[in-house]
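Per-entry structural report
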Amino acid sequence: MSSYDTIDCPLKNKVAEALFNRILIAHLNNENFKVFIVIPLYPGYSGDFAEPKQSAVLRALFDYERLTLGHGQFSLLGKLELEGIEPSDYIQVLALRTHGCVNDMPLTEMIYVHSKAFVIDDRYALIGSANVNDRSMLGYRDSELAVVIEDEDKIDSVMGGKIYKASRFAYELRTKLMMEHFGMVEGEVRDPVSKSFWKALLERAHRNTEIYREIFACDPDDAARTVAELRKLREEVRRRPQREQLTIYHQLKDEIKGHVVEWPTHFMENEDLTLSWTQLESLLPQETYLCPIILFPRLLLRYTALGVLGLSLIHISEPTRPLYISYAVFCLKKKKKKKKNKKQKTT
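These lines cover the structure that appears in this document, whether it is placed above or below.

Cut-offs and rules
Residues numbered from 1 in each chain as written. Predicted model: local features only at pLDDT ≥ 70, side-chain atom pairs only at ≥ 80, totals over all residues. Heavy atoms only, no water. Helix = DSSP H or I, 4+ residues; strand = E, 2+ residues; numbered from the N terminus. Buried < 20%, exposed > 50% of the residue type's maximum accessible area, 1.4 Å probe, protein only. Contact = heavy atoms within 4.5 Å. Areas by Shrake-Rupley, 256 points an atom, 1.4 Å probe, with all protein chains shown as cover. Axes fitted to C-alpha atoms, helices over the stretch in contact; angles between N-to-C directions. Parallel < 35°, antiparallel > 145°, perpendicular 65-115°, else oblique. Left-handed = near helix turned anticlockwise from the far one by under 90°. Nonpolar A, V, L, I, M, F, W, Y, C, P; charged D, E, K, R; others polar. Arc of directions from axis to C-beta. 1 Å grid on protein atoms, 1.4 Å probe; cavity = no way out; pocket = protein on both sides within 12 Å on 5 of 7 lines; lining within 4 Å. Points joined across faces, edges and corners; volume = space filled by probe spheres on them. Pairing = 2+ DSSP bridges. Expected span 1.5 Å × (residues − 1). Phe/Tyr/Trp six-rings, centres within 6.5 Å; stacked < 30°, edge-to-face > 60°.

Moving on to the overall build of the protein chain. The helix and strand inventory of the protein chain stands at 11 helices and 13 strands. Burial status across the protein chain gives 41% buried among its 347 residues. The contacts in the protein chain between residues at least 6 apart in sequence include a share of 62% that link residues at least 24 apart. With an accessible surface of roughly 20400 Å², the protein chain has 53% of that area assigned to carbon and sulfur atoms.

Turning our attention to the environment of Y124. Position of Y124 among the secondary structure elements: in strand 5 (residues 124–128). Between the alpha carbons of Y124 and A166 there is a distance of 9.1 Å; along the sequence they are 42 residues apart. Setting aside residues up to four positions removed in sequence, Y124 forms contacts with F118, V119, I149, E150 and A170.

What follows covers the packing of helix 7 (residues 195–216) against helix 9 (residues 242–252). Between helix 7 and helix 9, the least distance of the axes is 9 Å, while the angle of their chain directions is 165°. With respect to each other, helix 7 and helix 9 are oriented roughly antiparallel. Of the two possible hands of crossing, helix 7 and helix 9 adopt the one that is left-handed. Contact with helix 7, carried on its side by R207, I211, E214, I215 and F216, involves Q245, I248, Y249 and L252 of helix 9 and no other residues of that element. Among the residues forming the contact of helix 7 with helix 9, the class breakdown is 6 nonpolar, 1 polar and 2 charged.

What follows covers helix 9. Buried within helix 9 we find Q245, L246, I248, Y249 and L252. Looking straight down helix 9, one finds that the buried residues subtend no more than 160° of arc, so they occupy a single side. Residues of helix 9 that are exposed and point over 90 degrees away from its buried face: R243 and Q251. Buried residues belonging to helix 9 abut strand 2 (91–102), strand 3 (105–110), helix 7 and helix 8 (227–238).

Taking a probe equal in size to a water molecule and rolling it over the atoms shows the remaining empty space. Enumeration according to the criterion identifies 1 cavity of 30 Å³ or more in this entry. A volume near 120 Å³ is recorded for the largest cavity. Along its surface, the largest cavity is lined by 13 residues, and T209, P220, D221, V261 and E262 are the ones closest to its centre. If you list the elements that add at least two residues to the lining of the largest cavity, you get helix 7 and strand 9 (260–262). A total of 3 residues in the lining of the largest cavity trace back to one element, the largest contributor, which is helix 7.

Let's shift gears to the sheet that holds strand 5. Hydrogen bonds between backbone groups are what pair the strands of a sheet, and the pairing can be parallel or antiparallel. Taken in spatial order, the 3 strands line up as 4-5-6 in an open sheet, and their pairing is antiparallel. Unpaired on one side and paired on the other, strand 4 (116–120) and strand 6 (146–150) mark the two borders of the sheet. Strand after strand, the sheet turns through a mean of 10° between neighbouring axes, direction not considered. By the bridge criterion, 5 bridges tie strand 4 to strand 5 in an arrangement that is antiparallel. By the bridge assignment for strand 5, A117 is matched with I127. Helix 5 (residues 168–182) contacts strand 4, strand 5 and strand 6 of the sheet and is inclined by roughly 65° relative to strand 5.

What follows is about helix 8. Two residues of an α-helix separated by three or four positions point the same way, owing to the 3.6 residues in each turn. With 12 residues, helix 8 should cover 16 Å at 1.5 Å per step; its first-to-last C-alpha distance of 16 Å lies within 8% of that length. The complete set of buried residues in helix 8 reads V227, L230, L233, R234 and V237. Angular distribution of buried residues about the axis of helix 8 spans 130°; they occupy a single face of the element. Exposed residues pointing more than 90 degrees away from the buried face of helix 8 are listed as A228 and K232.

Below, the discussion takes up the side chain of Q92. Relative to the assigned elements, Q92 resides in strand 2. Among all residues touching Q92, those that are not within four sequence positions of it are V35, F36, I37, W198, L201 and L202.

This paragraph deals with the packing of aromatic side chains. A complete count under the given rule lists 9 aromatic pairs for this structure. Residues Y42 and F49 carry aromatic rings whose centres are separated by 6.1 Å and whose planes lie at 85° to one another, so their mutual orientation is edge-to-face. Judged by relative accessible area, Y42 falls into the partly exposed class, the value being 24%. Here F49 falls in the buried class, since its relative accessible area comes to 2%.

The subject of this paragraph is unusual backbone geometry. Trans peptide bonds make up the majority, and among non-glycine residues the majority have a negative phi. A cis amide bond links D219 with the next residue in sequence, P220, at an omega value of 5°. On the secondary structure map, P220 appears in the loop between helix 7 and helix 8. In this model, D121 sits at a positive phi of 55°, which is unusual for a non-glycine residue. Mapped onto the fold, D121 is located in the loop between strand 4 and strand 5. Classification of D121 by relative accessible area gives partly exposed; the value is 46%. Phi is positive for A217, which is not a glycine, with a value near 50°. You can see A217 is positioned in the loop between helix 7 and helix 8.

Encoded structure:
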């Protein structure tokens, strides 16, 4: 999660702003510059997008990711469009999904990308523990560790159609990851900024997304921009007899190449995914979900409110500074009313 508006938004890291500025420079100078971002399809929280009351945190965090990357004029893609730049000329946001068949039942799930790795220009690799959020990026919150690898073993490669000296480690890391997840051979991924590769990757991610939609109606998916549309997509698949579903799966599964799919920038865009004041999770400060960070005095006020409502905040973990609690892991549980023992009357 990142932001451009550091006045009204509690987020302070400027990773998204740095990407925007670099793409703007490339556009003004007519440079062949490409950015590949691979992230999870949705945050690693339980819940169902079609059931707002049961997935408040999941929906809210997904909304914050959308606002960072692709939804609205202050998102990374939105700001590029405001500058008259077609985002897909410079940047792709992708995700990963897999599939299988268990007891004649076709199944799919996302591949949760938990690694934090950068490969830059096939010369540098940065691998570490830091996420793109304030906890990791501000420098005084969570403890993080990363290594930057600049391999002195140079190999002949191609970049933008020209002979290029790449570092062996960075080149092999990138190409092996792309071959595995994009379903391509080394010759196809060798030049990552070539027009042919860029076009092939866009088409592959789009086609894989279409096939998963046809077989599973899985979400998140840009085909569903409201809860009603999501439920309709699901219902169409649920009504299929199991044999028909299995037939469709075997007809289409071999067309899925690699694991790459489109990251949905329009999913649920016509729904309000923010936390409602009627939801228990809204009793915690917004910063809990954005950063997450809680000031003790503010937490005490919220905790008091929980007590009034007959709720208990039963677990907060990972203190990192005297005045802050970072990464609040919480659970809200209804307090049990003590039953009064009624003495039976004896006659």
